[in-house]
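A look at the structure
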Number of protein chains: 2
Amino acid sequence: MGRLVMKFGGTSVGDIERIRNVARHVAREVANGNQVAVVVSAMAGQTDRLVGWTREASALHDAREYDAVVASGEQVSAGLLAIVLQDMGIPARSWQGWQVPIRTDGMHGAARITDIDGSELRSRMEQGQVAVVTGFQGIGPDNRITTLGRGGSDTSAVAIAAAVDARCDIYTDVDGVYTCDPRIVAKARKIARISYEEMLELASLGAKVLQTRSVELAMVHRVPLQVRSSFEAPDSPNQNTQDGSGPGTFVCDEEEIVEQQVVSGIAYSKDEAKVMLVGVPDRPGVSAGIFGPLAEQGIDVDMIVQNVSEDGEHADVTFTVAERELDRALQVIGGLKDKIGFSRLISARDVAKVSVIGIGMRSHAGVAARMFSALAEKGINIQAITTSEIKISVLIDAAYTELAVRTLHTAYELDAQDTV
Amino acid sequence: MGRLVMKFGGTSVGDIERIRNVARHVAREVANGNQVAVVVSAMAGQTDRLVGWTREASALHDAREYDAVVASGEQVSAGLLAIVLQDMGIPARSWQGWQVPIRTDGMHGAARITDIDGSELRSRMEQGQVAVVTGFQGIGPDNRITTLGRGGSDTSAVAIAAAVDARCDIYTDVDGVYTCDPRIVAKARKIARISYEEMLELASLGAKVLQTRSVELAMVHRVPLQVRSSFEAPDSPNQNTQDGSGPGTFVCDEEEIVEQQVVSGIAYSKDEAKVMLVGVPDRPGVSAGIFGPLAEQGIDVDMIVQNVSEDGEHADVTFTVAERELDRALQVIGGLKDKIGFSRLISARDVAKVSVIGIGMRSHAGVAARMFSALAEKGINIQAITTSEIKISVLIDAAYTELAVRTLHTAYELDAQDTV
């Protein structure tokens, strides 16, 4: 019972048969007495096709026209789902971004939602009409269609849920958020509940279950979010229950998480590169001299380690950047050689970042210690460390990534029990 | 020089290469100092594809959702043309029906344009920006997208031309309106100028060059209309001139037609069927008894002939209907046998209607006489006759259609002179 926003991606609405399957999921929630809004992406392949046409039309195309063309994809899938729902006897109508309206800023192609007037949607939903809303788009200050950028439909769904004061179920190709990448750790467990903060760390670490912005938005507006599978049969017995549990993973306030784990999950990223400046004169302002120029070039630096050499007059500075940005970073630093005056510039691509994430750390000491000793036992050398309130990350040799992840998964007692 | 609306159909924008060709036509008119708006249909095949999806979604689909889905086709072609124009250095932007706005009634799927606010379009055009407008659609009183029905883009173009006070060039797959179907009469001539009234008669007789509604609209708002070919090279020397002549056929006020022909064109229609009621008691109200029920069933009756038999007490009533409606018509009449009391019911599908059209008839006597004698000379029997102010139609045996058309084309001196 309640108000619910259901979001389905492109593969879930890839053809009419799949759209019927989506409609059955919707029918189930309606039958359970929910007021439902559905947010859909374009049919799989359509967006790529439309984007291809705009590229063929011109290499440098007007982002406003690009938006007008590409946004048509959701217009189609939303209309078709509304038709299928009506065909099943469920009152429904499609809503395009400008009809709701979903107002955004003027950043065509990568717009941000600024305001949603949910009053009309809400009253229709209260009358029992399912609102099928086009994801990924809105209307800009210039009264023209804007798109939110790839993956924007998650954000649309959360924003609409906030606007109509509803829960939000994101249907995706996985059945929830796991303690670790199941492809690496066979004993990875599906997490029943995870806090917004933890989900943000996981998302930003490349667990591509949810778009980062959608999690931020959910956190700000306290929208209860569930990640669940769109492939599970609509009539499967494993469904949302009155008490707010469900088949997937709930992203919510930490207060709502009864039994908090010290560590909720292990994440890793191989898209890392290390840069080391050897023999940097150890004087004030040298760090600014290094990282200022990088920032100006829009290169994000992640981990930073600085250790003073024996003579006490020089330091070695190590930092990491996204692997795709390594070359640009080296260019920038190379141009600063005389200014900074380092003796050697070393870089490496074969590094990986492994992180343990958990709001429990705040209240538990020794979390980091356990991490370091567990890795040490396996003879895994730590090249750099960064910590946040709910995350500890270490940089290691990429070859040890899987070993490190499995080791930590076990060390923090996240392994699933073998069900006999 | 002036303000111009150019309309291109689906085949003309069938792919990016063709869209580039359309852009070259636009570029030429802009170079000639015109303020230009372009009205486009969906890329060929797209509309059918979208319609197919709605059918697959449900046999009985909500016309409002159908419109939302199908209207996306023009949204795409308009955006792409705007991009191509910009790529050629021509300022342009796309406009969707709801953005202009093009207001229509609520008849989703077959809406009629009620009002167009051309102020915004006009000011942009005056600033030198080409307005690329989606044809075939508008926005209804319910703030939802409506479509005008197939072929509606011609109507969109004329309506927009009226709203921004512009001329209108309809680019199509023929280079103009002919005195007769060139496939039948080799000596058919392209007509330089034809009156709205004559064009209406031709259109309604199945010369599918222009949609009837668009001609009506042009006549009401006195929009100068030109039918011209989209296949002619954009840089061909044969172009619009300052004095308002051009490569195609102009549809305009008869006052603007300097040398009026008595007869402008010969049209024919094989989609005819004849129904004859023999021995109908000749008493008042009998006609109403026949044609009332047909009208109630929405069956359009075209020609009607009634002649009293020798005894003066009975009459034979003959009328024609569209061939596709013959069976329904016979059903209706059959059910009235006792009420009307005719002795026999005869019908025939092998009939054709041949018409001569010309505003000149008004002022010239003997036009009909010449028609009848010309047909008589060829031994073609006339089964029925109807006349309007500017049209004379006869019903004949379908086998004689081509002969009749050629004969009349010569009789009214419409044959092209053999250019030596």
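Residues numbered from 1 in each chain as written. Chains lettered and ligands numbered in written order. Predicted model: local features only at pLDDT ≥ 70, side-chain atom pairs only at ≥ 80, totals over all residues. Heavy atoms only, no water.

Summarising burial for helix H3 (residues 63-70) of chain A: 6 of the 8 residues are buried, a large majority. Where H3 of chain A is concerned, the buried positions are Glu65, Tyr66, Asp67, Ala68, Val69 and Val70 of chain A. The secondary structure elements touched by the buried residues of H3 of chain A are helix H2 (46-57), helix H4 (72-87) and strand E8 (145-147) of chain A together with helix H4 (72-87) and strand E3 (92-95) of chain B. Sitting at the head of H3 of chain A, aspartate 62 of chain A places a side-chain oxygen 2.8 Å from the backbone nitrogen of arginine 64 of chain A. (Buried < 20%, exposed > 50% of the residue type's maximum accessible area, 1.4 Å probe, protein only. Helix = DSSP H or I, 4+ residues; strand = E, 2+ residues; numbered from the N terminus. Contact = heavy atoms within 4.5 Å. Polar contact = N/O pair within 3.5 Å; in protein donor to acceptor, adjacent residues only side chain to side chain.)

Here the focus is the UniProt feature "binding site: substrate" (unreviewed entry) in chain A. All names here are of chain A. Mapped onto the present numbering, the UniProt feature "binding site: substrate" (unreviewed entry) falls on Thr47 and Glu74. Spatially, the listed residues are clustered: although they cover 28 residues, their C-alpha atoms lie within 8.7 Å of one another. Take threonine 47: it is sitting in helix H2. By the secondary structure assignment, glutamate 74 is in helix H4. Classification of glutamate 74 as buried rests on a relative accessible area of 2%. (UniProt positions renumbered as here; feature names shortened; annotations may be inferred.)

Here the UniProt-annotated "domain: ACT" (unreviewed entry) positions come out as residues 275-356 of chain A. Between the first and last C-alpha atoms of residues 275-356 of chain A the distance is 23 Å; the span itself is 29% helix and 45% strand.

Before going further, it helps to spend a moment on the relation of the copies chain B and chain A. Superposing chain B onto chain A takes a rotation of 180° combined with a translation of 0.0 Å along the rotation axis, leaving an RMSD of 0.1 Å. Accordingly, the operation relating the two chain copies is best matched by a two-fold axis. Residue serine 72 of chain B of chain B places its C-alpha closer to the rotation axis than any other residue of that unit, at 2.7 Å. A symmetric contact is evident, with 100% of the interface residues of chain B recurring at the interface of chain A. (Least-squares fit on C-alpha atoms with pLDDT ≥ 70 in both.)

Take the interface of chain B and chain A next. Where interface size is quoted, it is often the accessible area lost as the parts come together. Chain B puts 38 residues into the contact, and the matching count from chain A is 38 residues. Of the roughly 3200 Å² buried between chain B and chain A, counting both surfaces, carbon and sulfur atoms make up 59%. Summed over the three residues of chain B that lose the most area to chain A, namely Glu65, Ile83 and Trp98 of chain B, the buried surface amounts to 19% of that side. There are 0 salt bridges connecting chain B and chain A. Taken together, the connections running from chain B to chain A amount to 17 residue pairs in polar contact (both at pLDDT 80 or more). At the level of elements, helix H1 (16-31), helix H2 (46-57), helix H3 (63-70), H4 and E3 of chain B are the ones that each hand at least two residues to the side of chain B that touches chain A. Counting residues per element, the side of chain B that touches chain A draws most heavily on H4 of chain B, which supplies 10 residues. (Buried area = accessible area lost by both parts, 1.4 Å probe. Salt bridge = Lys/Arg side-chain N within 4 Å of Asp/Glu carboxyl O.)

Okay, the sheet that holds strand E12 (residues 249-252) of chain A next. Residue and element names in this part refer to chain A. Read from one edge to the other, the open sheet built from 8 strands follows the order E3-E6-E2-E1-E9-E11-E12-E10, with strand pairing classed as mixed. Both outer strands of the open sheet, strand E3 (92-95) and strand E10 (193-195), are each paired with one neighbouring strand and no more. Neighbour to neighbour, the strand axes of the sheet diverge by 25° on average, direction disregarded. Looking at chain direction, E3 and strand E6 (residues 130-134) are connected through 4 bridges and run parallel. (Pairing = 2+ DSSP bridges. Axes fitted to C-alpha atoms, helices over the stretch in contact; angles between N-to-C directions.)

Further remarks concern the side chain of threonine 146 of chain B. Residue and element names in this part refer to chain B. Inspection of the secondary structure assignment puts threonine 146 in strand E8 (residues 145-147). In this structure the side chain of threonine 146 is engaged in a polar contact, spanning 2.7 Å, whose partner is the side chain of threonine 104. Sequence-distant contacts of threonine 146, that is, excluding residues within four places in its chain, are made with Asp67, Thr104, Asp105, His108, Ala111, Phe136, Gln137, Gly138, Ile139 and Gly140.

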